[in-house]
Amino acid sequence: MNMDKPLDDMNVLVTGASGGLGSAIVERLAAEGASPIIHFGWNKASAHALLERIEGRGHVVQGDLSLPEGPEDLWRKAVAAARRVHAVVNAAGIRTQVGLGDSLSAWHKAWRGEFQVNLFAAVDLSRRAIMHFKENGGGRIVNIASRAGQRGYSADAMAYGATKAALINLTKSIARSFGPDGVTAVAISPGWIRTDMAEDFIGKNGEAAALADIPIGAMALPEEVAELTAFVLRPSQRSLNGATLDVNGGSYIR
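The numbering scheme is per chain: residues are counted from 1 as the chain's sequence reads. At least 70 in pLDDT is required for a residue's local features to be given in this predicted model, at least 80 for side-chain atom pairs to be given and counted, and no such filter applies to totals for whole chains, interfaces and linings, which use all residues. Heavy atoms throughout the structure, all of them, feed into the side-chain values; hydrogens and water do not.

Draft legend 1. Just the layout of surface pockets, in detail. Approximately 1,000 Å³ is the volume attributed to the largest pocket. Looking at the largest pocket, it is lined by 42 residues, and the ones nearest its centre are Ala92, Gly93, Ile94, Arg95 and Met197. Within the residue set of the lining of the largest pocket, elements represented by two or more residues are helix H1 (20–31), strand E2 (35–40), helix H6 (158–178) and helix H7 (196–205). Among the elements that line the lining of the largest pocket, the one with the most residues is H7, at six residues. Of the volumes computed, that of the second largest pocket is approximately 190 Å³. Along the wall of the second largest pocket there are 13 residues; nearest its centre are His86, Gly138, Gly139, Arg140 and Gly182. Three residue categories are used. Nonpolar comprises Ala, Val, Leu, Ile, Met, Phe, Trp, Tyr, Cys and Pro, charged comprises Asp, Glu, Lys and Arg, and polar comprises the others, including Gly. Classifying every residue of the lining of the second largest pocket by side-chain character gives three nonpolar, six polar and four charged. Using a 1 Å grid laid over the protein atoms alone, points where a 1.4 Å probe fits but cannot get out form a cavity; open sets with protein on both sides within 12 Å along at least 5 of 7 lines form a pocket; any residue with an atom within 4 Å of a point counts as lining. Grid points are joined across faces, edges and corners, and a volume is the space filled by probe spheres set on the points. Here a helix means four or more residues in a row that DSSP labels H or I, a strand means two or more in a row labelled E, and each is numbered from the N terminus.

In structure tokens, the structure reads:
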């Protein structure tokens, strides 16, 4: 392995790559030698600007993960662009707020919408990736989960926590079932990351509310999670298969 470029010649599909965390992951992967496949939903300009920042070494693909057929469409585009996909990073995610007192239609819309983007899209992409990996000598899946998936979440965002808990379980199932085929899976479980999602929360509740249960008194930076993602994808890290890696400043049980 080239220690300067440990991900050299790896084509890595990153969902949600036009967002704050996804773009940081793309930039880190490219810095370590990978050729990222940059997924975007609607922000085409941001995705192409990201491709320019990594000096054009990669591909841009569009896909609407909020639609049931979106993940299949995205996978076809990714394979058409790169031919061989070596890894998938499921980083796309949404968080909506809905309470018990909201209408039943709003309740269903929030839960179903979050499960589609946060879980079902990852499920469908993982299915396609596993079949592709089994035919081509193996591969990696990294699922960006959340501490909310391990400790629960607030009453107005229970759907988010539930989707992330399911994503962690999916990761473990893939690890147990397909490790013998050269397919490994790892979940990364952050607490608050300094992204637009966090800024929205801070705008409504204040920064002190976000930092209150983080012992180190600071949110993770997207670059921290990106660095860990790149490390997990190194060929030397097969034995991390099935792991859930916490990135939450010590706030897991507080």
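Draft legend 2. Region of the structure containing the nonpolar core. Counting residues in each nonpolar core, the largest one holds 35 residues, and the members touching the most others are Val12, Ile25, Leu29, Val89 and Leu233. Excluding residues within four positions of it along the chain, leucine 29 makes contact with Leu7, Val12, Val14, Ala34, Pro36, Ala230 and Leu233. Of all hydrophobic cores here, the second largest spans 28 residues; its members include Leu74, Ala78, Phe115 and Leu167. What makes a nonpolar core is a set of buried Ala, Val, Leu, Ile, Met, Phe, Trp, Tyr and Cys residues whose side-chain atoms join them at distances within 4.5 Å. When accessible area is computed with a 1.4 Å probe and restricted to protein chains, residues below 20% of their type maximum are described as buried, those above 50% as exposed, and intermediate ones as partly exposed. Note on contacts: a residue pair qualifies if any of its non-hydrogen atoms lie within 4.5 Å across the two residues.

Draft legend 3. Molecular detail of the packing of aromatic side chains. Working definition: a ring pair exists when centres of Phe, Tyr or Trp rings (six-membered ring for Trp) sit within 6.5 Å. Plane angles under 30 degrees give stacked, over 60 give edge-to-face, the rest tilted. The final tally for this structure, using the stated rule, is four aromatic pairs. Aromatic pair tryptophan 111 and phenylalanine 115: ring centres 6.2 Å apart, planes at 15°, arrangement stacked. You can see tryptophan 111 and its partner phenylalanine 115 sitting in helix H4 (residues 104–135), four residues apart, about one turn around the helix. Overall, tryptophan 111 belongs to the partly exposed group, its relative accessible area being 22%. Taken together, a centroid distance of 5.7 Å and an interplanar angle of 45° make the contact between tyrosine 153 and tyrosine 160 tilted. A residue is classified by how much of its surface remains accessible, and tyrosine 153, at 29% relative accessible area, is partly exposed. By relative accessible area, which is 9% here, tyrosine 160 ends up buried.

Draft legend 4. Examining the pattern of salt bridges more closely. In the sections that follow, a salt bridge refers to a side-chain nitrogen of Lys or Arg positioned within 4 Å of a carboxyl oxygen of Asp or Glu. By the definition in use, this model includes 12 salt bridges. A salt bridge links arginine 76 to aspartate 73, with the shortest nitrogen-to-oxygen separation between them at 4.0 Å. Note that arginine 76 and aspartate 73 are positioned in helix H3 (residues 70–82) at a spacing of three residues, about one turn of the helix. Salt-bridge contacts for aspartate 73 lead to lysine 77; the nearest nitrogen and oxygen are separated by 3.1 Å. In this pair, aspartate 73 and lysine 77 are both assigned in helix H3, four residues apart and thus about one turn of the helix distant. Put simply, Glu72, Asp73, Arg76, Lys77, Arg127 and Arg128 are held in one network by salt bridges that share partners.

Draft legend 5. Examining unusual backbone geometry more closely. With phi around 60°, glutamate 55 is a residue other than glycine that occupies positive phi space. By relative accessible area, which is 74% here, glutamate 55 ends up exposed. A positive phi angle, near 70°, is found at arginine 83, a position not held by glycine. Take arginine 83: it is sitting in the loop between H3 and strand E4 (87–90).

Draft legend 6. Representation of the packing of H3 against H4 within the structure. Remark: H3 packs on H4, axes separated minimally by 9 Å, with the N-to-C direction vectors making an angle of 40°. The orientation of H3 with respect to H4, classified from their angle, is oblique. Of the two elements, H3 crosses H4, and the hand of that crossing is right-handed. Here H3 contributes Pro71, Glu72, Leu74 and Trp75 to the contact with H4, which in turn contributes Gln116, Ala121, Asp124, Leu125, Arg127, Arg128, Ala129 and His132. Partitioning the contact of H3 with H4 into residue classes produces six nonpolar, two polar and four charged. What counts as an axis is a line fitted to C-alpha atoms, over the stretch in contact for a helix, and the angles between N-to-C directions run from 0 to 180 degrees. Angle categories: roughly parallel below 35 degrees, roughly antiparallel above 145, roughly perpendicular from 65 to 115, and oblique for all the rest. In this scheme the handedness of a crossing depends on how the near helix is turned from the far one: anticlockwise by less than a right angle means left-handed, clockwise means right-handed.

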